Amino acid sequence: MARDTRAATATFAVKSGLARMLKGGVIMDVVTAEHAKIAEEAGAVAVMALERVPADIRKEGGVARMSDPNLIRRIMKAVTIPVMAKVRIGHFVEAQILEAIGADYIDESEVLTPADEEFHIDKRRFNVPFVCGCRDLGEALRRVSEGAAMLRTKGEAGTGNVVEAVRQARAVYRQLDALAAMNAKQLRGKAKEYRAPLELVKKVARAGMLPVVNFSAGGIATPADAALMMQLGVEGIFVGSGIFKSENPRKRAKAIVEATTHFDNPDVIAKVSEGLGEPMKGIELSTLTQEERLAHRGI
Amino acid sequence: MEKVVGILALQGDFKEHFDILAKLGVGAIPVRLPEDLAQIDRLIIPGGESTTIGKLLVTSKLLQPIRERILAGMPVWGTCAGAILLARRVIGGIRGQMHIGAMDITARRNAFGRQLDSFEANVAMKKAAETPIPAIFIRAPVFERPGKDVEILARLPDERIVAARQKNILVTAFHPELAGSTQLHRYFLNS
C-alpha cells in the first residue's frame, strides 16, 4: 500500500477534503474568464462558472440549464483556483459532462430549473465532488446520504437579501443542537421525519456537527452580510449576483473576502465596508410569489 | 517555559490542525493579526488556497513580520498551501502571487492536476515517523530544486518530493491534519 502513489482517488476524504480547504473563504459567481480573473485577484478561494448570475436568471425567466462547457473550460484555463459549475437538480448527464471536462466541484443547484422532481443525482457514482443546497437539517442529511461532499444553505439567490440565508443557517444549527440532545428513540423518529438513514442521523447526533463543510449562499451582498453568516456558524460564503451586480465589483469582492476572514473583528469589517459604492439593488422577499422563490426547489 | 503554538487562521483548514493538537493535549492560538504573532513560539500554516492566504497575509499586515520571525529561527510548518507560501520560488502561481518565501525550494502548484487527480496514499517519512503515514493530497503541489541545506523527508515512488525541511522550516505537500494522524504534529512540536 505504501508503494502506491495514487492509492485512492475520489474517496470521501478526498472529495470532502477540497471543501475543507475552501473554509473561511469566498466562492464567487463569474460569467466570463475576465470576471474569473478579477475574482482570483480579489482573493476568491474558488469560482462558480455560469452563463448568467441568479439575478439575471430571475429577470430573464425561461429554463435555466448547465452552462456551455466551452465557457467553463475557458474559465478553468483563466484561473489557478478551483472551478465549480452548476447542474440542474437530478440532471446526472449534465453532471457527467462536467466530470468529463474536469470541473473541480459540481453544484447541484436550485438556481437552475430542476430536471427531476423526484430524485437528486446519486452523487456517490461520481468521482467529482458535489455541493448541494439545504434549508434545514433534514435536507442537509438527505443530500449527504446521496453523496454530497459539501453543503450550502440556499438562501434566496439573486435577491441581494440575506434574510433567508439567516433563517436557514439558524434552522440547521438549532436542529443540530437539538439532535445532539436526543435519545435513541427520538433519533429514530427524527430519521423518519428527515427521511435520512438512521446511521447517519446517529453519527451526526454523536458528533454534534455536520459530516461535511457547510457554507452560506443566496442573498449575500455586503461584507457585513458575509460576516453575519460566519458569526452564525457557517464555514464560508458563496456570493452570486452580489459582486458583479454592484457598482465596484473589484473593491466589493476584496472587501467581502477580508470580512469573511476577520468576521469577528468589527474594526476590520468597518474599515473594509467604507466607500464600496452601490451594492446590488436587491428584492424585498414579500414581493416574490411562491413560484418566484428558488429555495423550495429540490427538497 | 511552555512553548505557544500559533496556527495561521486567515483561511483554510486551520480548525483541523487545532483538532489534532487537541488530541495531543496541546492548546494553540489562532493568528490573524500582527499582535497574535507576538504571543507565539512556533507557527503552523494550514492548507487552503495559497493565492487567497497570500493576499490576506498582506492585508492583515502579517507577511513581513512572519518572514522576520522565521528568519530569526521560529519553527514553522506549512501543509499544502502553507508549503507554497513558505517556498522561495513558486511555479504555476498567479501574477504577483504573494508568499513568505523563506525556504530555499521551489513549489509547483497543482502538480498532479485538478481535483479529479487528488488522492490519498501512505507516505514513508524519514525521521518523522517509523511507519508510512496516511496522507491526503488535495490539488497538491510538489517540491523541486531543493537548496543545499534542504533535507528531503519524503518522496513519492516516482521520486517527486512531497516533504522537506530546512532548519526551522518544515513543508509537506499533503494534509496529515485531514487524515487524523498525530505523528507529524508530534514531530513538529518536538523539533
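Values in this document were obtained by computation on a predicted structure and should not be read as measured data.

Caption draft 1: Quick look at a nonpolar patch on the surface. Nonpolar side chains collect at one region of the surface, where Phe92, Val93 and Ile97 of chain A lie side by side and expose about 240 Å² of accessible area between them. Looking at where Val93 of chain A falls in the secondary structure, it is placed in helix α5 (residues 92-101).

Caption draft 2: Representation of the packing of aromatic side chains in the model. Residues and elements named next belong to chain A. Counted by the stated rule, this structure contains 7 aromatic pairs over all chains. Seen in terms of ring centroids, Phe215 and Phe238 are 5.7 Å apart; in terms of plane orientation they differ by 65°. Their pairing is edge-to-face. Separated by 23 residues along the polypeptide, Phe215 in strand β8 (residues 213-216) and Phe238 in strand β9 (residues 237-239) bring together distant segments of the chain. In terms of burial, Phe215 and Phe238 fall into one category: buried.

Caption draft 3: Examining the confidence of the model for chain B more closely. Per-residue pLDDT for chain B averages 96, and the proportion of residues at 70 or more is 99%. This prediction of the complex comes with two scores: 0.97 for pTM and 0.97 for ipTM.

Caption draft 4: Just helix α7 (residues 163-180) of chain A, in detail. The first and last C-alpha atoms of α7 of chain A sit 26 Å apart over 18 residues, in line with the 26 Å expected at 1.5 Å per residue. Three or more residues of α7 of chain A are buried, namely Glu164, Ala165, Val166, Gln168, Ala169, Ala171, Val172, Tyr173, Leu176 and Leu179 of chain A.

Caption draft 5: Here's a closer look at the interface of chain B and chain A. Taken together, the contact pairs 43 residues of chain B with 48 residues of chain A. Summed over the three residues of chain B that lose the most area to chain A, namely Arg114, Gln115 and Leu116 of chain B, the buried surface amounts to 19% of that side. Where chain B meets chain A, there are 5 salt bridges. Between Arg20 of chain A and Glu16 of chain B there is a salt bridge, with its nearest N and O atoms 2.8 Å apart. Across the contact surface, chain B and chain A share 21 residue pairs in polar contact (both at pLDDT 80 or more). Only α1 (14-23), α3 (50-59), β7 (119-123) and α6 (176-179) of chain B provide two or more residues apiece to the side of chain B that touches chain A. Here the side of chain B that touches chain A gets 5 residues from one element, more than from any other, and that element is α3 of chain B. Taken together, the residues of the side of chain B that touches chain A sort by class into 14 nonpolar, 15 polar and 14 charged. As paired elements, strand β1 (residues 8-9) of chain A and β7 of chain B share 2 bridges and run antiparallel to each other. Each residue of the ladder has a partner; that of Ala8 of chain A, found in β7 of chain B, is Glu120 of chain B.

Caption draft 6: Seen up close, the nonpolar core. Counting residues in hydrophobic clusters, the biggest one holds 139 residues, and the most contacted among them are Met229 of chain A together with Leu8, Leu57, Ile100, Met125, Phe137 and Phe174 of chain B. Here this core takes 7 residues from α7 of chain A, the largest share from any one element. Dropping the residues within four chain positions of it, Ile100 of chain B is found in contact with Ile45, Leu57, Leu63, Ile66, Arg67, Ile70, Leu85 and Leu86 of chain B. Within the second largest apolar cluster, 22 residues are counted, among which are Met21, Met48, Met84 and Ala149 of chain A.

Caption draft 7: Looking closely at helix α6 (residues 137-145) of chain A. Residues and elements named next belong to chain A. α6 sits mainly inside the fold: 8 of its 9 residues count as buried. Inspection of α6 places Leu137, Gly138, Glu139, Ala140, Leu141, Arg142, Arg143 and Val144 among the buried residues, and these make up the whole buried set. On its buried face, α6 sits against β6 (130-134), β7 (150-153), α7, α8 (184-194) and α9 (198-207). Among the residues of α6, the N-terminal cap falls to Asp136, whose side-chain oxygen and the backbone nitrogen of Gly138 are separated by 3.2 Å. After α6 finishes, the residue Gly147 shows a positive phi value of roughly 110°.

Caption draft 8: Structural view of the pairing of strand β1 (residues 5-8) of chain B. Residue and element names in this part refer to chain B. On β1, burial covers both faces: Val5 and Ile7 on one face and Gly6 and Leu8 on the other are all buried. Examined bridge by bridge, β1 and strand β2 (residues 28-31) share 4 bridges and lie parallel to one another. The residue bridging Leu8 from the neighbouring strand is Val31, located in β2. Read from β1 through α1 to β2, the crossover connection turns out right-handed. Of the strand pairs in this sheet, β1 and strand β3 (residues 42-45) are connected by 3 bridges, and their pairing is parallel.

Procedures and definitions
Residues numbered from 1 in each chain as written. Chains lettered and ligands numbered in written order. Predicted model: local features only at pLDDT ≥ 70, side-chain atom pairs only at ≥ 80, totals over all residues. Heavy atoms only, no water. Patch = residues over 30% accessible without salt bridge, like charges linked within 9 Å, V, L, I, M, F, W, Y side chains within 5 Å. Areas by Shrake-Rupley, 256 points an atom, 1.4 Å probe, with all protein chains shown as cover. Salt bridge = Lys/Arg side-chain N within 4 Å of Asp/Glu carboxyl O. Helix = DSSP H or I, 4+ residues; strand = E, 2+ residues; numbered from the N terminus. Phe/Tyr/Trp six-rings, centres within 6.5 Å; stacked < 30°, edge-to-face > 60°. Buried < 20%, exposed > 50% of the residue type's maximum accessible area, 1.4 Å probe, protein only. pLDDT = per-residue confidence, 0-100. Expected span 1.5 Å × (residues − 1). Contact = heavy atoms within 4.5 Å. Buried area = accessible area lost by both parts, 1.4 Å probe. Polar contact = N/O pair within 3.5 Å; in protein donor to acceptor, adjacent residues only side chain to side chain. Nonpolar A, V, L, I, M, F, W, Y, C, P; charged D, E, K, R; others polar. Pairing = 2+ DSSP bridges. Core = buried A, V, L, I, M, F, W, Y, C linked by side-chain atoms within 4.5 Å. Right-handed = clockwise from strand over helix to strand, strands pointing away.

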